[in-house]
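# Fold and contact review
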Amino acid sequence: MVIKILEMALPVLIMLGLGYFCKAKNVFDEKGLLGLKAFISNITLPVVLFNAFLCAEYNAKIVVLFVLIYVGYLLAIGTGLLLNKTGKSCSVFMPFLLASAEGGMLGYALYGLITGTQTGFAAVDLGQTVFAYTAFLALLKMTDGKKVTARNLLGNMFSNKCFWGMLLGIICGATGIGKLVLNSSVGGIVTSVISMIAAPTSAIVLLVVGYELNMKCELMKKVLITVVTRLAIMAVLLVAVSAIVTGIFGYDKELEVALMVLYSLPAPFIIPMFADLGDDSEYVSTTLSGQHRRHDHSVCVYLGILYYVGNIFIEKLREENDLLVAFMCRFSYISIRTSNLRGFR
């Protein structure tokens, strides 16, 4: 288990360290950094998103998950914007560190470590990815003081190449065009081209985050506040979404694990690439690194395990056809969970 954890975590830490080293030794300057950001946002990330949604499964459960996860992250970023408005925020970028998740580089790997396969994570990654490259990214680009309007939101979405990669992937995946192409004689060629273009994405994103990383003591208070605030919000979302989905579709162990992983992840590492962070660059990059290293997912995973154990007990009661007792246990269990959560907050 230790070796598997190192296989997942060590490459991430090394790339962050290399980014920090590049800045310390002036391997490349700010212009070089901007070039790396442009390469990722305009070329490799759109291809990564296209491929992810091309291969995704589409059904009723996916639609419900999409809505719940998207709305949940809207509420999370709305909480941050409210903190900004009341003057209690650590930074204008704090709302973006409270919402969405780094599914691409961390989510699939962590889910695979737990379950042995990465495919099941796509069910929950759809909502967060669409959110990240629509509302999240549109609002992020408006941090320079421009008024947020529906026209501006749509304009930013449709002018973003990542959005087009995602949209084309959804169209091809949902209509079955993707499967036809991938299963044809040219499927291997298409897969190889996509893999080649997408391969450097994770490494370069981490390099950018590491370049802007700073461990100044004066940053630690703001970083800690942000990490703890995100932890509380993600714990609430985990419990709420799990309860709703289980109530509609019944208990699904793999889906429960996927939700636990999703809400344990740090904020997206794409933030430094799509915004002019200015004086907040060190705060944002240090918070992203801190969320990853401090393992703020531990409480979320703990709550998820409680929910998992509770549902196993309920399913056993259902197998014995004791529906009334099962209903009472579920009602009591959700009430207890909600009370504990209020105490945690």
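Remember, predicted model here, so these are calculated numbers, not experimental data.

## Quick word on the overall build of the protein
When its secondary structure is counted, the protein shows 17 helices and zero strands. Per-residue burial over the protein gives 47% buried out of 345 residues. Considering only residue pairs separated by 6 or more positions, the protein has 81% of its internal contacts joining residues 24 or more positions apart. Accessible surface, the protein: about 16900 Å² in total, of which carbon and sulfur atoms supply 67%.

## As for the nonpolar core
Counting 80 residues, the largest nonpolar core has Tyr 73, Tyr 133 and Tyr 263 as the members making the most contacts within it. Looking at this core element by element, the count peaks at twelve residues for helix α6 (residues 122-140). Ignoring anything within four residues of it in the chain, the contact list for Tyr 73 reads Ala 99, Ser 100, Ala 101, Gln 128, Phe 131, Met 234, Leu 237, Leu 262 and Tyr 263.

## Here we look at the packing of aromatic side chains
All told, the structure shown has ten aromatic pairs when counted by the stated rule. An angle of 85 degrees between the planes, with centres 5.4 Å apart, marks the rings of Tyr 70 and Phe 131 as edge-to-face. In this pair, Tyr 70 is assigned in helix α3 (residues 60-86) and Phe 131 in helix α6, connecting sequence segments 61 residues apart. Assessed through its relative accessible area of 0%, Phe 131 is described here as buried.

## Considering the packing of helix α2 (residues 30-54) against helix α10 (residues 187-198)
Two elements in contact, α2 and α10, have axes whose closest approach is 8 Å; the angle formed by their N-to-C orientations is 135 degrees. Comparing their axes, α10 and α2 come out oblique. For α2 against α10, the interelement crossing comes out left-handed. Packed against α2, whose contacting residues are Ile 43, Thr 44, Val 47, Val 48, Phe 50 and Asn 51, the element α10 presents Ile 194, Ile 197 and Ala 198 at the interface. Residue composition of the contact of α2 with α10, grouped by class: seven nonpolar, two polar and no charged.

## Observations regarding α2
The end-to-end C-alpha distance of α2 is 35 Å, a good match for the 36 Å that 25 residues give at a rise of 1.5 Å each. Along α2, the helix axis deviates most sharply at Ile 40, where the bend reaches about 40 degrees. Listing the buried residues of α2 in full gives Leu 33, Lys 37, Ile 40, Ser 41, Thr 44, Leu 45, Pro 46, Val 47, Leu 49, Phe 53 and Leu 54. Among the residues of α2, the N-terminal cap falls to Asp 29, whose side-chain oxygen and the backbone nitrogen of Lys 31 are separated by 3.1 Å.

## Overview of helix α8 (residues 161-175)
In this model, α8 (15 residues) spans 21 Å end to end at C-alpha, consistent with the 21 Å of a helix rising 1.5 Å per residue. Among the residues of α8, those classed as buried are Cys 162, Phe 163, Gly 165, Met 166, Gly 169, Cys 172 and Gly 173. Positioned one or two residues after α8, Gly 176 has a phi angle of 90 degrees, which is positive.

## Section: unusual backbone geometry
Backbone geometry places Asn 26, a non-glycine residue, at a positive phi of 55 degrees. By secondary structure assignment, the location of Asn 26 is in the loop between α1 (2-24) and α2. Its identity as a non-glycine residue notwithstanding, Ser 100 has a phi of 60 degrees, on the positive side. You can see Ser 100 is positioned in the loop between α4 (94-97) and α5 (103-115).

## Focus: the pattern of salt bridges
Taken as a whole and judged by the stated rule, the model has one salt bridge. We note a salt bridge from Asp 252 to Lys 61, for which the minimum N-O separation is 3.3 Å. You can see Asp 252 sitting in the loop between α12 (217-249) and α13 (253-262) and its partner Lys 61 sitting in helix α3, a full 191 residues away along the chain. A residue is classified by how much of its surface remains accessible, and Lys 61, at 24% relative accessible area, is partly exposed.

## Comments concerning the environment of Ser 89
As for its position among the elements, Ser 89 is in the loop between α3 and α4. Expressed as a C-alpha distance, the spacing of Ser 89 and Thr 226, which sit 137 residues apart in the sequence, is 8.8 Å. Filtering out sequence-adjacent residues up to four positions away, Ser 89 remains in contact with Leu 83, Asn 84, Met 94 and Pro 95.

## Quick look at the side chain of Thr 44
Looking at the element boundaries, Thr 44 is found in helix α2. Taking relative accessible area as the criterion, Thr 44 reaches 0% and is therefore assigned buried.

## As for the environment of Ile 204
Relative to the helices and strands, Ile 204 resides in helix α11 (residues 201-211). Ile 204 sits in the buried class, given a relative accessible area of 14%. Every residue in contact with Ile 204, bar those within four places of it in the chain, is listed here: Leu 36, Phe 39 and Ile 40.

## Observations regarding a nonpolar patch on the surface
On the surface, Phe 39, Ile 43, Ile 177, Leu 180, Val 181, Val 186, Ile 189, Val 193, Met 196 and Ile 197 cluster together into a nonpolar patch covering about 890 Å² of accessible area. At the level of secondary structure, the elements contributing two or more residues to the nonpolar patch comprise α2, α9 (177-182) and α10. At four residues, the largest contribution of residues to the nonpolar patch is made by α10. Mapping Ile 189 onto the fold places it in helix α10. Overall, the relative accessible area of 55% leaves Ile 189 in the exposed class.

The rules behind the values
- Residues numbered from 1 in each chain as written.
- Predicted model: local features only at pLDDT ≥ 70, side-chain atom pairs only at ≥ 80, totals over all residues.
- Heavy atoms only, no water.
- Helix = DSSP H or I, 4+ residues; strand = E, 2+ residues; numbered from the N terminus.
- Buried < 20%, exposed > 50% of the residue type's maximum accessible area, 1.4 Å probe, protein only.
- Contact = heavy atoms within 4.5 Å.
- Areas by Shrake-Rupley, 256 points an atom, 1.4 Å probe, with all protein chains shown as cover.
- Core = buried A, V, L, I, M, F, W, Y, C linked by side-chain atoms within 4.5 Å.
- Phe/Tyr/Trp six-rings, centres within 6.5 Å; stacked < 30°, edge-to-face > 60°.
- Axes fitted to C-alpha atoms, helices over the stretch in contact; angles between N-to-C directions.
- Parallel < 35°, antiparallel > 145°, perpendicular 65-115°, else oblique.
- Left-handed = near helix turned anticlockwise from the far one by under 90°.
- Nonpolar A, V, L, I, M, F, W, Y, C, P; charged D, E, K, R; others polar.
- Expected span 1.5 Å × (residues − 1).
- Bend = angle between axes of the 7 residues up to and from the residue.
- Polar contact = N/O pair within 3.5 Å; in protein donor to acceptor, adjacent residues only side chain to side chain.
- Salt bridge = Lys/Arg side-chain N within 4 Å of Asp/Glu carboxyl O.
- Patch = residues over 30% accessible without salt bridge, like charges linked within 9 Å, V, L, I, M, F, W, Y side chains within 5 Å.

The values are spatial; any link to function lies outside them.
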